[in-house]
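Fold and geometry: a report
This is what each chain is made of:
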Amino acid sequence: GVGASETMLFISGTKDCGVNEELFVGAVMATQGLPNFHVVFSQHPGDQTPANRYMSLGGESRATIVTASAMRGDDAVFGADIVLTYNDASLAVASVAMRRLLVCYYPPKALARFVSETGSMYNPLVTAGAAYDGGTNPEMLVGTIRHIGHPWVSIVSNQEAFLPPLELGAGVAAMVAA
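Residues numbered from 1 in each chain as written. Predicted model: local features only at pLDDT ≥ 70, side-chain atom pairs only at ≥ 80, totals over all residues. Heavy atoms only, no water.

**Description of the overall build of the protein**
Short version of the rule: Counting from the N terminus, the helices are DSSP H or I runs at least four residues long and the strands are E runs at least two residues long. Put simply, the radius of gyration uses C-alpha atoms, and a globule should come to 2.2 Å times the residue count raised to 0.38. Remark: exposure states derive from per-residue accessible area (1.4 Å probe, protein chains only) relative to the maximum for the residue type, with buried under 20%, exposed over 50%, and partly exposed in between. Should any heavy atoms of two residues lie within 4.5 Å, those residues are counted as being in contact. All accessible areas in this document rest on Shrake-Rupley with a 1.4 Å probe, and a residue is counted as covered only by the protein chains that are shown. When charges are tallied, Lys and Arg are placed among the positive residues and Asp and Glu among the negative ones, while His and the ends of the chain are skipped. Every charge is mapped onto a representative atom, which is NZ of Lys, CZ of Arg, CG of Asp or CD of Glu.
Each helix and strand counted, the protein has nine helices and six strands in total. Taken over the C-alpha trace, the protein has a radius of gyration of 16 Å; the compact-globule value for 178 residues is 16 Å, and the two agree within 12%. The buried share of the protein, reckoned over its 178 residues, is 43%. The long-range share in the protein, meaning contacts at least 24 apart out of those at least 6 apart in sequence, stands at 70%. Summed over all atoms, the accessible surface of the protein reaches about 9,000 Å², with 59% contributed by carbon and sulfur. Each charge sign in the protein was given a centre, from 9 positive and 15 negative side chains, and these centres are 3 Å apart.

Here you go:
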């Protein structure tokens, strides 16, 4: 598991093993040599890849593979310090809403999938400053992860501007008004 003094870098997997391998290997490379970092990769329920395939890519790093049957990726975000993704899907937006540090990373297969899904090369979360751009290769991701420091004040203020906190009861009021 992840220790209380460790920084958890969380990746929610996709159905695509190739994209998952790029994200996982990039995260492992980016955190090698950094004390107190732990990579947690959550397998997508539609990913039929054996978990040990991903673990074999982790080498000697502090990494954990969480299978879909053990825990949903959405639940693991609550414990994450950093969330690594390639897209602007619901988990990324939820990470912004929870004020988690979000890093969008685009290695070749992930970038191709993002462009195919969105028709754009620009992630609105990165454009708005609500997420860090992790680049397109492991070396760029290493630079991003090593550049990030505590406190993450600037990114949090950008996240609040992108997705402002709602007043208690605002959701219910909107549903009643509809």
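Picking up where we left off.
**Some remarks on the sheet that holds strand β2 (residues 37-42)**
Quick reminder of the rule: Only strands joined by at least two bridges in the DSSP assignment are considered to pair. Only C-alpha atoms enter the line fits that serve as axes; for helices the fit covers just the stretch in contact. Angles between N-to-C directions range over 0 to 180 degrees.
Across the sheet, which stays open at both edges, the six strands sit in the order β3-β2-β1-β4-β5-β6 with parallel pairing between neighbours. Across the chains shown, the open sheet's two edge strands, defined by having one partner strand only, are β3 (63-66) and β6 (132-133). Bridge analysis of strand β5 (residues 101-104) against β6 gives two bridges, and the strand direction is parallel. From the neighbouring strand, Cys104 faces β6, where its bridge partner is Asp133. Across the sheet, helix α7 (residues 138-147) lies against β1 (7-12), β2, β4 (82-85), β5 and β6, angled at about 165° from β5, the strand it touches most.

**Digging into the environment of Leu102**
Residue placement: Leu102 occurs in strand β5. Take Leu102: its relative accessible area is 0%, and that puts it in the buried class. For the pair Leu102 and Leu9, spaced 93 residues apart in the sequence, the C-alpha separation amounts to 9.6 Å.

**Remarks on the pairing of β4**
Note the cut-off: A clockwise course of the path from the first strand over the helix to the second, judged with the strands pointing away from the viewer, identifies a crossover as right-handed.
Going residue by residue along β4, you find Ile82 and Leu84 tucked away on one face and Val83 and Thr85 tucked away on the opposite face as well. In this structure, β1 lies alongside β4, joined through three bridges in parallel fashion. Note on β4: the bridge partner recorded for Leu9 is Ile82. As judged from the four bridges shared by β4 and β5, these two strands associate in the parallel manner. Note that in β5 the partner of Ile82 across the bridge is Leu101. Between β4 and its parallel partner β5, the chain crosses via helix α4 (residues 90-97), and the hand of that crossover is right-handed.

**What to know about α7**
To be explicit about the condition: Read the arc as the range of directions from the helix axis to the C-beta atoms. Polar contact is defined as a pair of N or O atoms within 3.5 Å, subject to the rule that within protein one atom must be able to donate a hydrogen and the other to accept it, and that residues adjacent in sequence are counted only when both atoms are side-chain atoms.
Inspection of α7 places Leu141, Val142, Thr144 and Ile145 among the buried residues, and these make up the whole buried set. On an axial view of α7, the arc spanned by its buried residues comes to 165°, and they lie on one face. Exposed positions of α7 whose direction lies more than 90 degrees from the buried face are Glu139 and His147. Packing partners of the buried residues in α7 comprise β1, α1 (17-31), β2, β4, β5 and β6. Capping the start of α7 is the job of one residue whose side-chain oxygen sits 3.0 Å from the backbone nitrogen of Glu139: Asn137.

**A closer look at the layout of surface pockets**
A water-sized probe rolled over the atoms picks out the places where empty space is left. Just so we agree on the cut-off: Throughout, the protein atoms alone are placed on a 1 Å grid, and a set of points is a cavity if a 1.4 Å probe fits but cannot get out or a pocket if it is open with protein on both sides within 12 Å along at least five of seven lines; lining residues have an atom within 4 Å of a point. Grid points are joined across faces, edges and corners, and a volume is the space filled by probe spheres set on the points. Each residue is assigned to one of three groups, with Ala, Val, Leu, Ile, Met, Phe, Trp, Tyr, Cys and Pro labelled nonpolar, Asp, Glu, Lys and Arg labelled charged, and all others, Gly among them, labelled polar.
One number sums up the size of the largest pocket: a volume of about 440 Å³. Every element with two or more residues in the lining of the largest pocket is listed here: α3 (73-76), β4, α4 and α5 (108-118). Looking at which element gives the most residues to the lining of the largest pocket, the answer is α4, with three residues. Of the residues belonging to the lining of the largest pocket, the class tally is eight nonpolar, 10 polar and five charged. For the second largest pocket, the calculated volume is near 150 Å³. The wall of the second largest pocket is formed by Tyr106, Leu111, Met121, Tyr122, Asn123, Val126, Thr127, Asp133, Gly135 and Thr136. Tallied by class, residues from the lining of the second largest pocket come to five nonpolar, four polar and one charged.

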